[in-house]
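Listed below are the residues making up each chain.
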Amino acid sequence: MRLINTRTLKIHQFHGRTVPLYAILSHTWGDGEVSLQDFHSEAIRASKRGFAKIKNACQEARNQRLEYLWVDTCCIDKTSSAELGEAINSMYKWYQGSAICFAYLEDMAHSPSSSDERGELPEGSLGRLRSGSATRSRLLDPTFKTSRWFTRGWTLQELIAPANVHFYNQAWKKVEEKTNITAELETITGVDEIVLQGASPEEVSVGKRMSWASERDTTRQEDVAYSLFGIFNVNLPLIYGEGEKAFFRLQEEIFRQSDDHTLFAW
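All values reported here derive from a predicted model rather than from experimental measurement.

A. Examining the overall build of the protein more closely. Each helix and strand counted, the protein has twelve helices and seven strands in total. The long-range fraction of contacts in the protein, counting pairs at least 24 apart against all pairs at least 6 apart in sequence, stands at 62%. Accessible surface, the protein as shown: approximately 13,400 Å² in total, 48% of it carbon and sulfur.

This is how it looks when you write it as structure tokens:
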């Protein structure tokens, strides 16, 4: 497992029990992401648009007194099909094993006038809370709920696996923590609140778990299946180019391991 030293910005490789405490970044990919090969050149990585979020995530990790950070864009050698396959089959466990996950909502604009990180309520909301009309609602910013982060296939496991998820807007201001808004996240994502509170996904039916992913998109067709390996506790080889056959292989493996017939709904 490769990790970025948050102070030196050097990448180190660890094995087994030698892996230190680390933070992990969850984000949506865009233009100018930094690959492992890019990262080794200070000039090249600095020229990439995606390097800013890596630096900011490193700063947040240091704020949490964590010396290491894992980022999917630059901590995997994607030129190696063997390493990529191992990483995708291990990714759920890597997110699960993190000390903290920074969920960066790049399309959530920072509004200095909002109540975001201070947890303050807008004027007049206290009366609504007392009357019960806003019970359990934290009055989340609408741009939080509509962020692209909630529509991507890979971020589903990145929401579920880590116990500690902090959400940040595009200015890297913390706006919420998963543990504080599990009911609201269930409404946004469909993921059962008990799972967001730490229960194993296996406590929920196969069909329901499939429903969590049904409205999410991936860039490559195969990743619809590959992004669900951890949620179904499945390990399979990657065959990019197989298209929809990847999902059929996933279903076959789930059926081999489980007698939950809700799978047939999908």
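B. Molecular detail of the side chain of Thr-189. For Thr-189, the position within the fold is in helix H8 (residues 182-189). Accessibility expressed as a relative area gives 11% for Thr-189, which makes it buried. Within polar-contact distance, the side chain of Thr-189 engages the backbone oxygen of Leu-185 at 2.7 Å.

C. Layout of helix H10 (residues 206-213). Counting buried positions over the eight residues of H10 gives six, a clear majority of the element. Along H10, the residues classified as buried are Val-206, Gly-207, Arg-209, Met-210, Trp-212 and Ala-213. If you follow the buried residues of H10, they end up packed against helix H7 (154-160), H8, helix H9 (193-196) and helix H12 (245-257).

D. Molecular detail of the pattern of salt bridges. Using the criterion set out here, one finds eight salt bridges in the structure. Between Lys-174 and Glu-177 there is a salt bridge, and its shortest N-O distance comes to 2.6 Å. Taking the shortest distance from any N to any O, the salt bridge between Glu-242 and Arg-249 comes out at 2.6 Å.

E. Quick look at the pairing of strand E6 (residues 165-168). Judged by which residues are buried, E6 turns out to be covered on both faces: Val-165 and Phe-167 on one side and His-166 and Tyr-168 on the other are all buried. Bridging between strand E5 (residues 100-104) and E6 involves four bridges; their strand directions are parallel. The partner of Ala-103 across the bridge, within E6, is Phe-167. Note that E6 and strand E7 (residues 174-177) share three bridges and pair antiparallel. For Phe-167, the partnering residue across the bridge sits in E7 and is Glu-176.

Conventions adopted
Each chain carries its own residue numbering, running from 1 in the direction its sequence is written. Reporting of local features is limited, given that this is a predicted model, to residues whose pLDDT is at least 70; pairs of side-chain atoms are given and counted only at 80 or more, and all residues count toward the totals for whole chains, interfaces and linings. Derived side-chain values reflect all non-hydrogen atoms in the structure, with water molecules and hydrogen atoms excluded from consideration. Under the DSSP-based scheme used, a helix requires at least four consecutive residues in state H or I and a strand at least two consecutive residues in state E, with every element numbered from the N terminus. Two residues qualify as a contact provided that any one of their heavy atoms is within 4.5 Å of a heavy atom in the partner residue. The accessible surface values rely on the Shrake-Rupley method and a 1.4 Å probe; as for residues, cover is taken only from the protein chains in view. Only protein chains enter the accessibility calculation, which uses a 1.4 Å probe; a residue is then buried when its area is under 20% of its type maximum, exposed when over 50%, and partly exposed in between. Definition of a polar contact: a pair of N or O atoms within 3.5 Å, with one able to donate and the other able to accept a hydrogen when the atoms are protein atoms, and with sequence-neighbouring residues admitted only if both atoms are side-chain atoms. One speaks of a salt bridge when a side-chain nitrogen belonging to Lys or Arg is within 4 Å of a carboxyl oxygen belonging to Asp or Glu. Think of it this way: DSSP has to see at least two bridges between two strands before they count as a pair.

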